[in-house]
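# Structural overview
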Amino acid sequence: MVDRLVNSEANARRIGLVEGCFGSAGQPLAVPGRVLVGEGVLTKACRKKLKPRQFFLFNDLLVYGSIIINKKKYNTQHIIPLEEVKLKSLEDDGQFKNGWLICTRGKSFAVYAATATEKQEWMAHINKCMEDLLKKSGKKASDDHAAVWVPDSEANTCMHCKKVQFTLVNRRHHCRKCGVVCCNPCSSKRFLLPAQSSKPLRVCMSCYDELAMQSTGGNSSFDKDAKATDSSGEEDSDDEEANGNIEAKQSSFYGSVEQASTS
């Protein structure tokens, strides 16, 4: 699918443009053998609401960022190795249409395309790139993926104790293991989840008890006395908004896909 594009001037130019749009806020993307397979705007489910994000599919990476100026400037670059990715199609539910889950070891989230055809194209291209990458590397697909966070809007009360109502004082927090929304007392424990961070992360009481039972001996994988000082905010800041309207344009793909699955 992408072999003919590897050494092409068009591919080098496209990758250069992507690097230029991220500027100093992004990492270099031009490496030997890398191909930009497709790009476009998808709607990402963030903590508080759905937001447009610019996505770039390479033959070995999925990159996305916040849109500052459409087609010209992006920031908050996120890079996901395709070897870690697992896709899961979502059924249409009211206003939430043409969506699927992007699950990785460190973070999992839902995205939505403008049309069913665009969804099918994105999923087919991602799956084909993953299949080719794993075949060339001889590696197995990752079976360890982070939980998808429950959106803030779906929880007015703590999903663990079922009692505490969320207010400006009683803030929402997310369990990094199962993704539920909890109050501070119900998520005051910390446990080391190596796939997500090198530091112990906030988990709910149920997940803490389960992880602690699975843990062997008195190791440093959990911290009973850790203080709840971190925010439950997602990496994508809710303050990052696009400058002006986002151009409604079909995603672009630079190769054909054959026999690629969308599930």
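As shown above, the structure is provided for reference.
Let me begin by describing the structure that accompanies this report. (Residues numbered from 1 in each chain as written. Predicted model: local features only at pLDDT ≥ 70, side-chain atom pairs only at ≥ 80, totals over all residues. Heavy atoms only, no water.)

### Description of the overall build of the chain
Helices and strands together make up the secondary structure of the chain, namely 3 helices and 13 strands. Taken across its 263 residues, the chain has 41% of its residues classed as buried. Taking all contacts inside the chain whose residues are at least 6 apart in sequence as the whole, residues at least 24 apart take part in 57%. When the accessible surface of the chain is summed, it comes to about 14200 Å², and 48% of that surface belongs to carbon and sulfur atoms. (Helix = DSSP H or I, 4+ residues; strand = E, 2+ residues; numbered from the N terminus. Buried < 20%, exposed > 50% of the residue type's maximum accessible area, 1.4 Å probe, protein only. Contact = heavy atoms within 4.5 Å. Areas by Shrake-Rupley, 256 points an atom, 1.4 Å probe, with all protein chains shown as cover.)

### Comments concerning the pairing of strand E1 (residues 36–45)
Counting buried residues in E1 gives 7 out of 10 residues, a clear majority hidden from the surface. Sheet topology places E1 next to strand E2 (residues 50–58); 9 bridges connect them, and they run antiparallel. Bridging across to E2, Val41 finds its partner in Gln54. In sequence, E1 turns back onto E2 through a hairpin of 4 residues. (Pairing = 2+ DSSP bridges.)

### A short note on the pairing of strand E4 (residues 73–81)
The pairing of strand E3 (residues 61–69) with E4 spans 7 bridges and is classified as antiparallel. Looking at the pairing, Tyr64 lines up with His78 of E4. The loop that links E3 with its antiparallel partner E4 comprises 3 residues; one of these, Lys71, has a positive phi angle of about 70 degrees.

### Quick word on the environment of Leu61
By secondary structure assignment, the location of Leu61 is in strand E3. A relative accessible area of 9% places Leu61 in the buried class. Measuring from C-alpha to C-alpha, the distance between Leu61 and Glu84 comes to 9.6 Å, with 23 residues separating the pair along the chain. Discounting residues that sit within four places of it in the chain, Leu61 has contacts with Arg34, Phe56, Ile79, Ile80, Pro81 and Leu82.

### A few points about the packing of aromatic side chains
The relative placement of two aromatic rings is captured by the distance of their centres and the angle of their planes. Tallied over the full model, the rule gives 9 aromatic pairs. An angle of 20 degrees between the planes, with centres 4.9 Å apart, marks the rings of Phe55 and Tyr64 as stacked. Taken as a pair, Phe55 and Tyr64 share a single burial class, namely buried. Chaining the aromatic ring pairs together yields one cluster made of Phe55, Tyr64, Phe109, Trp122 and Phe253. We note Arg14 situated over the ring of Tyr254; from NZ or CZ to the ring centre the distance is 3.8 Å. A cation over a ring is seen here: Lys44 above Phe109, with NZ or CZ 4.8 Å from the ring centre. (Phe/Tyr/Trp six-rings, centres within 6.5 Å; stacked < 30°, edge-to-face > 60°. Lys NZ or Arg CZ within 6 Å of the ring centre and 35° of its normal.)

### Topic: the state of the cysteines
As used here, a disulfide is simply a covalent bond connecting the sulfur atoms of two cysteines. All chains considered together, the criterion is met by 0 disulfides. No disulfide involves Cys175; its sulfur sits 3.7 Å from the nearest other cysteine sulfur, which is in Cys178. Residue class for Cys175 comes out buried when judged on its relative accessible area of 0%. (Disulfide = S-S within 2.5 Å.)

### A short note on helix H1 (residues 9–22)
In a regular helix each residue adds 1.5 Å, so 14 residues correspond to 20 Å; H1 covers 20 Å between its end C-alpha atoms and thus fits that length. Among the residues of H1, Asn11, Ile15, Val18, Cys21 and Phe22 are the ones counted as buried. Mapping the buried residues of H1 onto a view down its axis gives an arc of 120 degrees, with all of them on the same face. Turned more than 90 degrees away from the buried face of H1 sit Glu9, Ala12, Arg13, Leu17 and Gly20, all of them exposed. Among the residues trailing H1, Gly23 stands out with phi positive, at a value near 60 degrees. (Expected span 1.5 Å × (residues − 1). Arc of directions from axis to C-beta.)

### Re helix H3 (residues 205–214)
Taken residue by residue, H3 has Cys207, Tyr208 and Leu211 as its buried positions. Here the buried residues of H3 occupy an arc of 100 degrees about the axis, which is enough to place them on one side.

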